[in-house]
Amino acid sequence: MLFIVTAEWGGKKPPSSYYNKLRKLGIDALFNRIIRVKSLSLAMEIAAMIQGNGGDALVIPAHALLPVLRHRVEPLETVFTGTGRWVVTCYECVKSYAYSGQTPRQCPVCGGLAFHCRPGYKRPVAATAGTTMFDQWVQTRFVTGYFEIPDRVSYTQNLIPVPEIPPEWRDAVDEIREFGITSFTSLRQLDAALSLLMYPPLLYALGNDLLKSSKLLAGEEE
Ligand SMILES: [Zn+2]
């Protein structure tokens, strides 16, 4: 098995003692802060040494990285180009952002590539009071023909039509429905679940359990 140790000193250079100790352990760090070793105990020793030298360390089994490396996100925005106003929806932030400028190539907040965008402005949304959470979620997330996360939802007694799920998100929404929508306890958790299904490496990285990972991503950890 292969393990990866990452080392970080808050954006600063590693101290020279770090390189000396690595050499003592018989390791040449090809990249300063990413070390590959074949033993977990060695990886743990290196991580402890990094922490002992004032850094932050993380040990990751290399196989856990493979799906991340393989998965390529194709942002839907490829059909749009130009300068103007955009709504960027990021699966890693689980948020939709208003953005102005050139066609975004990355999420304007986290820099991630797992996002989509459309030209235009964010739109206020409303849900019918008293309907199920799932219906309210669909009513407020797909009104623009894209999956978007509103800043807030206003509730009304009027019957808001339930929009059709756009094809890009249909499989993921079906999966959430089949998984058991009642397991999710907030609109934000449903947003997170959909985001994870749209960007599976993140689901894998968070533990591959849709419900638990959704709570984590939504910031609603138990
Ligand atoms: Zn983001």
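Heads up: the structure comes first, above all this text.
The rules behind the values
Residues numbered from 1 in each chain as written. Predicted model: local features only at pLDDT ≥ 70, side-chain atom pairs only at ≥ 80, totals over all residues. Helix = DSSP H or I, 4+ residues; strand = E, 2+ residues; numbered from the N terminus. Buried ≥ 20, exposed ≤ 12 C-beta atoms within 10 Å, placed from the backbone. Contact = placed C-beta atoms within 7 Å. Pairing = 2+ DSSP bridges. Axes fitted to C-alpha atoms, helices over the stretch in contact; angles between N-to-C directions. Core = buried A, V, L, I, M, F, W, Y, C linked by C-beta atoms within 7 Å.

**Student:** Teacher, can you tell me more about the overall build of the protein chain here?
**Tutor:** The helix and strand inventory of the protein chain stands at eight helices and eight strands. In the protein chain, which comprises 222 residues, the share counted as buried stands at 27%. Sequence separation of at least 24 residues holds for 59% of the intrachain contacts in the protein chain that already meet a minimum separation of 6.

**Student:** Is there a simple way to explain the sheet that holds strand 5 (residues 95-102) in this structure?
**Tutor:** Neighbouring strands of a sheet are bound in pairs by backbone hydrogen bonds; such pairs are parallel or else antiparallel. Spatially, the three strands line up as an open sheet ordered 5-4-6, and their pairing is antiparallel. Pairing within the sheet leaves two strands with one partner each, and these edge strands are strand 5 and strand 6 (115-119). Neighbour to neighbour, the strand axes of the sheet diverge by 30 degrees on average, direction disregarded. Pairing geometry for strand 4 (residues 83-90) and strand 6, over five bridges, is antiparallel. Bridging from a neighbouring strand, threonine 89 pairs with histidine 116 of strand 6.

**Student:** I'm lost on the sheet that holds strand 2 (residues 34-37) in this one. Help?
**Tutor:** Spatially, 2-1-3 is the arrangement adopted by the three strands of the open sheet, whose pairing is antiparallel. Two strands bound the open sheet, and with one partner strand each, they are strand 2 and strand 3 (56-61). Each adjacent strand pair in this sheet contributes to an overall mean axis angle of 20 degrees, direction not counted.

**Student:** Is there a simple way to explain helix 4 (residues 133-141) in this structure?
**Tutor:** One turn of the α-helix equals 3.6 residues, which is why residues spaced by three or four share an orientation. Those residues of helix 4 that fall on the buried side of the exposure criterion are Gln136, Trp137, Val138, Gln139, Thr140 and Arg141. Where the residues of helix 4 are buried, they touch strand 7 (125-128), strand 8 (153-156) and helix 6 (187-198).

**Student:** Would you explain the nonpolar core in this entry?
**Tutor:** Most often, soluble globular proteins have nonpolar side chains that are buried together. Membership of the largest hydrophobic core comes to 30 residues, with the highest contact counts inside it found for Val88, Tyr91, Phe115, Ala193, Leu194 and Leu196. Of all the secondary-structure elements, those providing two or more residues to this core are strand 4, strand 6, helix 4, helix 5 (167-180), helix 6, helix 7 (200-205) and helix 8 (210-217). Here this core takes seven residues from helix 6, the largest share from any one element. Filtering out sequence-adjacent residues up to four positions away, leucine 196 remains in contact with Leu202, Leu203, Leu210, Ser213, Ser214 and Leu217. Grouped together as the second largest cluster of nonpolar side chains are 12 residues, Val5, Leu22, Ile46 and Ile50 included.

**Student:** Any chance you could explain the environment of threonine 103 here in plain terms?
**Tutor:** Its place among the elements puts threonine 103 in the loop between strand 5 and strand 6. C-beta crowding within 10 Å serves as the criterion here: with 17 such atoms nearby, threonine 103 is assigned to the partly exposed category.

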